[in-house]
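A closer look at the structure
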2 protein chains.
Amino acid sequence: MKARLSTVALSLMCGFSAQSMASEVDTAQLRELSRQFFQPIPQVEVLVQERQVDPTKVELGRWLFFEPRLSASHIISCNTCHSVGTGGADNIPVSIGHGWQKGPRNSPTVLNAVFNAAQFWDGRAADLAEQAKGPIQASVEMNATPEHVEVTLRSIPEYVELFAKAFPQDQEPVSFDNMATAIEAFEATLITPNARFDEFLAGKDTLSVTEIAGLNNFINKGCVACHSGINFGGQGYFPFGVVKRPGADILPVEDRGRFMVTNTASDEYVFRAGPLRNIALTAPYFHSGEVWDLEEAVAIMGTSQLGTELTDDEVKSITAFLHTLTGDQPEVVYPTLPASTKDTPRPSPM
Amino acid sequence: MKARLSTVALSLMCGFSAQSMASEVDTAQLRELSRQFFQPIPQVEVLVQERQVDPTKVELGRWLFFEPRLSASHIISCNTCHSVGTGGADNIPVSIGHGWQKGPRNSPTVLNAVFNAAQFWDGRAADLAEQAKGPIQASVEMNATPEHVEVTLRSIPEYVELFAKAFPQDQEPVSFDNMATAIEAFEATLITPNARFDEFLAGKDTLSVTEIAGLNNFINKGCVACHSGINFGGQGYFPFGVVKRPGADILPVEDRGRFMVTNTASDEYVFRAGPLRNIALTAPYFHSGEVWDLEEAVAIMGTSQLGTELTDDEVKSITAFLHTLTGDQPEVVYPTLPASTKDTPRPSPM
């Protein structure tokens, strides 16, 4: 495959003449190859139908995603660290939670997270429902308990009613587990179709010469080995520093990654390959959130994972290509949340 | 006026027979009287047209209202303490800001705030634009500076473009002042028409017997003296404890209210009369945010401001009436905010 493509790569990277040399055949070949590695993000309606996502659960999940009373302080919601307005993340190095405590890792985007094989940087949650339960209970994040959540939601008639509609088979519809299931349903709708790359995949000539060169480099230089599939990552686990470990500023020694989940020596400093959809919107990068510049992140990946010093042109073209992975951001109407009652637990900010 | 109405009041508060006695004439009289004290919230389109609110400024203001990069930490926006999903406030005793510091007072609702004569509990800002500049700079809130805001917004091309559209006459459209003007334009659209009381004002029989009794009490007992106009308050300043000061838990001695603005002895413990629209959504109450129960708040107002022990029935009916002031909550689409660039200042969480 590499041999076949190198013609494209060469023809694209020889300066001015590249444009004329990027013949239709070459682009068609690259498109064909891309289809073997990547899949487009579907339209929301298609996903909802294919996965039979229940609209009532989605509606309930929308309330819960923005619900600050799930936190002990009543001021932190899922959206605080996974804001739908800023690429599905908070775009600071590590999240700030209850009591202004700093979390251990950079907040991953919620956008397209439904397509990841597992959740969190170490993949410790199998799906979005399991994931949703984590930050709510983490003392450095929302600092609540399942009991707090259930008592809170049961104290508010509108929630009781909507849970009953969303989970009509359940004897006790308002539960921590059902809360997570509803949040998962809403999050499944937070996908970003129509990225320029996806239109390219579909057969349109939406990419510039530089972006085509970047795609070619992305495949031929080996980025695709970890970052493939519908999400350009999020499917497997790899050591950060396959070839050369980056400095402790970027790879802090105390965070041993997936080792902390599996307790297996070979999992030291192993992390989930970050999904690259909308990556241009969610600096800073890596689990440590210490790299602000996407070009720098690409260069670091070259040395640490591929064992190669990417040239300036390669870095720039790959970065340009990554920008084509930005899709239509979800349009979310802010939910009108029901008022607390006398039985609703009061906030405990400290 | 009181004499005229007392018939209505009496007829309404004698138990079961009240319903039949609340003749059309009595209700009509009460409605007529109410029209002298109160005005309905207009539909958004009407307000926008009457005040010539510029839709481009509204759109820019929507971005800015949800823009966490206006804060030093990049995690606090206007919506953090004035959430459009929870009655326009944060519904905790006092707001929590930068570094998890507690602010001095309960966050007032942004909903219908455009109709207030002045902003803040002590009225120290003449309008919403002036108000918007306060929390952004307050070290216990967003902890930023006008320079931080301007450098940030100028670093993001999409903002530069939208500011230029919203302020086409300005040589330097991106400015702290214009930011405030745009936020004010957006906030002017955050109004809540169609409250049941407003429908009553318009001639419909939307209020129950108890609510009618509550309205009657609200007027005849004297609540209306401070809480009148379109917002049922927000128009004038009054001492908290006209007749009897509440305890220090509710009226902390160190917060001397408007005195801190005017330095005039007669302004000690003087506060703006809280606007009561949507009051059922925004517990806890008063500037100290120490009272969670609306009935308790009503009873406290009786003793502290009116010098009367309201009966249980009076408290309950007034509270029931206050619930009729909840209008249609604004439907706000979460803005998709543009990405930072290399020139965007990074967050300084501490």
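These figures come from a predicted structure and were not determined experimentally.

**Observations regarding the domain arrangement of chain A**
All names here are of chain A. Examined at the domain level, chain A breaks down into domain 1 (44-188) and domain 2 (194-324). Taken together, the contact pairs 24 residues of domain 1 with 26 residues of domain 2. Across the domain 1/domain 2 interface, buried area totals approximately 1900 Å², and carbon plus sulfur atoms make up 50% of it. Its salt-bridge partner being Arg 105, residue Asp 255 comes within 2.7 Å of it at the nearest N-O pair. Where domain 1 meets domain 2, there are 10 residue pairs in polar contact (both at pLDDT 80 or more). By residue class, the composition of the side of domain 1 that touches domain 2 is 12 nonpolar, nine polar and three charged.

**What to know about the UniProt feature "domain: Cytochrome c" (unreviewed entry) in chain A**
Residue and element names in this part refer to chain A. Per the UniProt record, "domain: Cytochrome c" (unreviewed entry) is annotated on residues 56-164 and 209-326. With 38% helix and 0% strand, residues 56-164 has its two end C-alpha atoms placed 10 Å apart. With 35% helix and 5% strand, residues 209-326 has end C-alpha atoms that lie 18 Å from one another.

**Some points on the interface of chain B and chain A**
When the parts of a complex come together, some accessible area is lost, and that lost area is often taken as the interface size. Contacts between chain B and chain A engage 39 residues on the former and 39 residues on the latter. Taken over both partners, the interface formed by chain B and chain A buries close to 3100 Å², and the fraction arising from carbon and sulfur atoms is 71%. The largest per-residue losses of area from chain B upon contact with chain A belong to Ile 75, Trp 100 and Tyr 334 of chain B, which jointly make up 26% of the total buried on that side. Across the contact surface, chain B and chain A share two salt bridges. At the junction of chain B with chain A, the criterion picks out eight residue pairs in polar contact (both at pLDDT 80 or more). When grouped by side-chain class, the residues that make up the side of chain B that touches chain A number 21 nonpolar, 11 polar and seven charged.

**Some remarks on the relation of the copies chain B and chain A**
When chain B is brought onto chain A, the operation consists of a screw motion whose angular component is 180° and whose axial shift is 0.0 Å, with 0.0 Å RMSD remaining. The two molecules are tied by a two-fold rotation axis, judged by turn and shift. No C-alpha of chain B lies nearer the rotation axis than that of Val 333 of chain B, which sits 2.1 Å from it. Most of the interface of chain B is mirrored in chain A: 100% of its interface residues are interface residues there too.

**Considerations on the packing of helix α5 (residues 55-65) of chain B against helix α9 (residues 157-166) of chain B**
All names here are of chain B. Where α5 meets α9, the axes come as close as 8 Å, and the angle between the chain directions of the two elements is 145°. Where α5 crosses over α9, the two elements pack in a sense that is left-handed. Contacts between α5 and α9 involve Thr 56, Lys 57, Glu 59, Leu 60, Trp 63 and Leu 64 from the former and Glu 158, Tyr 159, Leu 162, Phe 163, Lys 165 and Ala 166 from the latter. The class makeup of the residues in the contact of α5 with α9 is seven nonpolar, one polar and four charged.

**Here we look at the environment of Gly 203 of chain A**
Residues and elements named next belong to chain A. Topologically, Gly 203 is positioned in the loop between α11 (196-201) and α12 (209-220). Residue Gly 203 is classed as partly exposed on the basis of its relative accessible area, which comes to 38%. As for Gly 203 and Thr 27, which are separated by 176 residues in sequence, their C-alpha atoms are 9.8 Å apart. Excluding residues within four positions of it along the chain, Gly 203 makes contact with Arg 31 and Arg 35.

**Some remarks on the nonpolar core**
By size, the foremost hydrophobic cluster in this structure holds 102 residues, and its most contacted members are Leu 64 and Met 179 of chain A together with Leu 64 and Met 179 of chain B. Apart from residues lying up to four places away in sequence, Met 179 of chain B is in contact with Leu 64, Leu 70, Ile 136, Val 149, Leu 153 and Phe 163 of chain B.

**Focus: the state of the cysteines**
All names here are of chain B. Under the definition given, this model contains zero disulfides over all chains. Free of any disulfide, Cys 78 has its nearest cysteine sulfur in Cys 81, 9.2 Å distant. No disulfide involves Cys 223; its sulfur sits 9.0 Å from the nearest other cysteine sulfur, which is in Cys 226. According to the relative accessible area criterion, Cys 223 is buried, its value standing at 13%.

The rules behind each value
Residues numbered from 1 in each chain as written. Chains lettered and ligands numbered in written order. Predicted model: local features only at pLDDT ≥ 70, side-chain atom pairs only at ≥ 80, totals over all residues. Heavy atoms only, no water. Domains from an automatic or database assignment. Contact = heavy atoms within 4.5 Å. Buried area = accessible area lost by both parts, 1.4 Å probe. Salt bridge = Lys/Arg side-chain N within 4 Å of Asp/Glu carboxyl O. Polar contact = N/O pair within 3.5 Å; in protein donor to acceptor, adjacent residues only side chain to side chain. Nonpolar A, V, L, I, M, F, W, Y, C, P; charged D, E, K, R; others polar. UniProt positions renumbered as here; feature names shortened; annotations may be inferred. Helix = DSSP H or I, 4+ residues; strand = E, 2+ residues; numbered from the N terminus. Least-squares fit on C-alpha atoms with pLDDT ≥ 70 in both. Axes fitted to C-alpha atoms, helices over the stretch in contact; angles between N-to-C directions. Left-handed = near helix turned anticlockwise from the far one by under 90°. Buried < 20%, exposed > 50% of the residue type's maximum accessible area, 1.4 Å probe, protein only. Core = buried A, V, L, I, M, F, W, Y, C linked by side-chain atoms within 4.5 Å. Disulfide = S-S within 2.5 Å.

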